[in-house]
Amino acid sequence: MSKDAVHTARVADHPQATTMPADAGDAGYSKDLKHRHVNMIAIGGAIGTGLFLGAGGRLHNAGPALALAYLVCGVFAFFVVRALGELVLYRPSSGSFVSYAREFLGEKGAYVAGWMYFLNWSTTGIADITAIALYTHYWSLFTPVPQWVLALIALAVVLAVNLISVKIFGEMEFWFAIVKVATLVAFMLVGIFLLATQHPVDGQTPGLSVITDHGGILPHGVMPVVIVMQGVIFAYAALELVGVAAGETAEPEKVVPRAVNSIMWRVGLFYVGSVVLLALLLPGSVYSADESPFVTVLSKIGVSGAGDVMNLVVLTAAMSSLNSGLYSTGRILRSMAVAGSAPKFTRVMSRNQVPYGGILLTCAICVLGVGLNYLMPSQAFEIVLNVASLGIVSTWVIIMICHLIFVRRAKAGLATRPHFRLPGSPVTEIATIAFLLACLGLMWNDPEVGRKTLLLIPVIGLLLVAGWFGVRRRVNQQTDQELSRLTK
């Protein structure tokens, strides 16, 4: 039996186990997130930069079949969040899947899960500040301002807000999500109106003819659709925020099932529905990676100021994503630091119960993204998107592996599964893991960026191994201290 298993067992048997946190990294947090906060965090996680900016370039490359790619990836994303939701109800934790990896895979598993998630969100943060700079350049007033300067300003603003308190974070995400949902609904109503009235868009009548007259559903063949799958997964990357936020809400057993179950219809409505509308309004060749597809459509219909309004909204979405990334990595890094596998300063909490050490570390990596925007402004977004995909896929795979082990322990009578469960286990987990790994492999077909990203995997592996040898003594000391404290 591993030290982690001994730790779990002794905590359960300890007479104070009902009053002490199951994971030491959960101590010190407030429970200020309300039902509406967590519900809207889930919605906000499902609507972000991947849709508002990324869909433009993907429509250009893959055509209308992109809607099918969003649907397929959305189903597997739902499986991941449903599995995480079950683990949350089993034991809520601000350390989320890192805490579960510690319990089911040991400290090495938690170490890998945490640092790969950090890689995900730190590079996603770079993508977000890049997106913010691109959106801001839409207005001629800001065109002379270098992209890297705009990226730095955005990072400074979001960092300042994130350090105040979790309640302010929740409130900001609530209103960010309201803005995103209201805008998408308004856009879809406009799109449906344009289709119903056959109002010309950029000189042509919208409808199925836009698809059939420009190469059909697969204008460039199947392979471009397959290749964009890894980018589509990036669009769903923030869905696991529900698990992290559950550790700072008073009633996770009520909030989490409702938030997770609503994800599927959100995917169908907002992602698949939006892409179908976009494909019916304009040919895929009109869209580009440099501009939000929603901005493109509204600018083409000749409504004065429509593009400006939508651009402001998608800028808000990117700010929301950056805000969420700083929030989640702060909590994850603190859980790791308490166990000894992250720098000591990342476990520090402010008087407002904010783990500001981890937030500042993520922000420091994002500053490197400012440099990337200075050196390679035209390629910055795609480069970091691909690197972030490595972190996303590894995080989701670890969640599914943890769930597999959890179910196995439950069948052996060593744990109790909540009523809210992932259906079809173990087939669902295995299929999801296979799909995620296949998406990684597909990146090889993109010689410009994807193939180079895959070549980073051995480098990341070596860095993780070297890092483990650097922290393992501290991890063992922390484990021994915790065991001795519990057995006194």
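Residues numbered from 1 in each chain as written. Predicted model: local features only at pLDDT ≥ 70, side-chain atom pairs only at ≥ 80, totals over all residues. Heavy atoms only, no water.

**Brief notes about the overall build of the protein**
Per the secondary structure count, the protein includes 21 helices and zero strands. Taking all 488 residues of the protein together, the buried fraction comes to 60%. Across the protein, every contact between residues at least 6 apart in sequence was considered, and the portion connecting residues at least 24 apart equals 80%. Accessible surface computed for the protein: about 19,000 Å², of which carbon and sulfur atoms make up 66%. (Helix = DSSP H or I, 4+ residues; strand = E, 2+ residues; numbered from the N terminus. Buried < 20%, exposed > 50% of the residue type's maximum accessible area, 1.4 Å probe, protein only. Contact = heavy atoms within 4.5 Å. Areas by Shrake-Rupley, 256 points an atom, 1.4 Å probe, with all protein chains shown as cover.)

**Overview of the pattern of salt bridges**
This model, assessed by the stated rule, comprises three salt bridges. Glu-86 is the salt-bridge partner of Arg-417, the closest N and O atoms lying 2.5 Å from each other. Pair noted here: Arg-417 is in the loop between helix H18 (380–411) and helix H19 (427–442) and Glu-86 is in helix H5 (residues 66–90), with a separation of 331 residues, a long-range link. Judged by relative accessible area, Arg-417 falls into the buried class, the value being 18%. (Salt bridge = Lys/Arg side-chain N within 4 Å of Asp/Glu carboxyl O.)

**Examining the packing of H5 against helix H14 (residues 263–281)**
Running from N to C, H5 and H14 cross one another at 165°; their axes reach a closest spacing of 9 Å. The orientation of H5 with respect to H14, classified from their angle, is roughly antiparallel. As H5 packs across H14, the resulting crossing turns out to be right-handed. For the pair formed by H5 and H14, the contact residues are Leu-66, Ala-67, Tyr-70, Leu-71, Gly-74, Val-75, Phe-78 and Val-81 on the first element and Ile-263, Met-264, Val-267, Tyr-271, Val-272, Val-275 and Val-276 on the second. Grouping the amino acids of the contact of H5 with H14 by side-chain chemistry returns 14 nonpolar, one polar and no charged. (Axes fitted to C-alpha atoms, helices over the stretch in contact; angles between N-to-C directions. Parallel < 35°, antiparallel > 145°, perpendicular 65-115°, else oblique. Left-handed = near helix turned anticlockwise from the far one by under 90°. Nonpolar A, V, L, I, M, F, W, Y, C, P; charged D, E, K, R; others polar.)

**As for a nonpolar patch on the surface**
The grouping of Phe-345, Val-348, Tyr-356 and Leu-360 at the surface amounts to a nonpolar patch, some 320 Å² of accessible area in total. Its location among the elements puts Tyr-356 in helix H17 (residues 356–375). (Patch = residues over 30% accessible without salt bridge, like charges linked within 9 Å, V, L, I, M, F, W, Y side chains within 5 Å.)

**With respect to the packing of helix H8 (residues 166–197) against helix H16 (residues 306–339)**
Following both chains from N to C, one finds H8 and H16 inclined at 145°, their axes separated by 9 Å at the closest point. Between H8 and H16 lies a crossing whose hand is left-handed. Counting all contacts with H8, which are made through Val-166, Phe-169, Met-172, Glu-173, Phe-176, Val-179, Lys-180, Thr-183 and Phe-187, the residues of H16 involved are Met-310, Val-313, Thr-316, Ala-317, Met-319, Ser-320, Asn-323, Ser-324, Tyr-327 and Arg-331. Residue composition of the contact of H8 with H16, by class: eleven nonpolar, five polar and three charged.

**Thoughts on the packing of aromatic side chains**
Evaluated as defined, the whole model comprises 15 aromatic pairs. Relative to Tyr-271, the ring of Tyr-236 has its centre 4.8 Å away and its plane inclined at 45°; by these criteria the two rings are tilted. Taken as a pair, Tyr-236 in the loop between helix H11 (229–235) and helix H12 (241–245) and Tyr-271 in helix H14 lie far apart in primary sequence, 35 residues in all. Note that Arg-82 overlies the ring of Phe-420, its terminal NZ or CZ placed 4.1 Å from the centroid. (Phe/Tyr/Trp six-rings, centres within 6.5 Å; stacked < 30°, edge-to-face > 60°. Lys NZ or Arg CZ within 6 Å of the ring centre and 35° of its normal.)

**Brief notes about the environment of Val-475**
With respect to the secondary-structure elements, Val-475 resides in helix H21 (residues 456–486). Filtering out sequence-adjacent residues up to four positions away, Val-475 remains in contact with Glu-107, Ala-339, Gly-340, Ser-341 and Trp-468.

**Re the state of the cysteines**
Under the definition given, this model contains zero disulfides. Of the cysteine sulfurs around Cys-73, a residue in no disulfide, the closest is that of Cys-439, at 5.1 Å. Using a relative accessible area of 2% as the deciding quantity, one classes Cys-73 as buried. (Disulfide = S-S within 2.5 Å.)

**Comments concerning the environment of Ile-401**
Looking at the secondary structure, you find Ile-401 in helix H18. Among the residues examined, Ile-401 registers a relative accessible area of 31% and is labelled partly exposed. Between the alpha carbons of Ile-401 and Phe-104 there is a distance of 8.8 Å; along the sequence they are 297 residues apart.

**So, the environment of Val-338**
Along the chain, the position of Val-338 falls in helix H16. Using a relative accessible area of 12% as the deciding quantity, one classes Val-338 as buried. Placed 140 residues apart in sequence, Val-338 and Gln-478 show a C-alpha to C-alpha distance of 7.8 Å.

**Observations regarding helix H7 (residues 147–162)**
Compared with an ideal rise of 1.5 Å per residue, which puts 16 residues at 22 Å, H7 spans 23 Å between its outermost C-alpha atoms and is within 8% of the ideal. Taken together, the buried positions of H7 are occupied by Gln-147, Leu-150, Ala-151, Ala-154, Leu-155, Val-158, Leu-159, Val-161 and Asn-162. Along the axis of H7, the buried positions cluster into a sector of 165°, meaning they face one direction only. (Expected span 1.5 Å × (residues − 1). Arc of directions from axis to C-beta.)

**So, the nonpolar core**
If you look at the biggest cluster of nonpolar residues, it comprises 156 residues, and the most contacted ones within it are Tyr-70, Trp-115, Phe-187, Tyr-236 and Trp-396. It is helix H6 (residues 96–136) that contributes the most residues to this core, 21 residues altogether. Those residues within four positions of Tyr-70 in sequence are excluded, and the remaining contacts are Gly-50, Leu-51, Ala-55, Arg-58, Val-232, Ala-235, Tyr-236, Val-267, Tyr-271, Val-272 and Val-275. (Core = buried A, V, L, I, M, F, W, Y, C linked by side-chain atoms within 4.5 Å.)

**Examining unusual backbone geometry**
That bond from Ser-425 to Pro-426 is cis: its omega, 5°, falls within 30 degrees of zero. The topology assignment puts Pro-426 in the loop between H18 and H19. One non-glycine residue, Gln-198, lies in the positive phi region at around 55°. Its location among the elements puts Gln-198 in the loop between H8 and helix H9 (208–212). Within the chain, Asp-202 stands out as a residue other than glycine whose phi angle is a positive 55°. Mapped onto the elements, Asp-202 comes out in the loop between H8 and H9.

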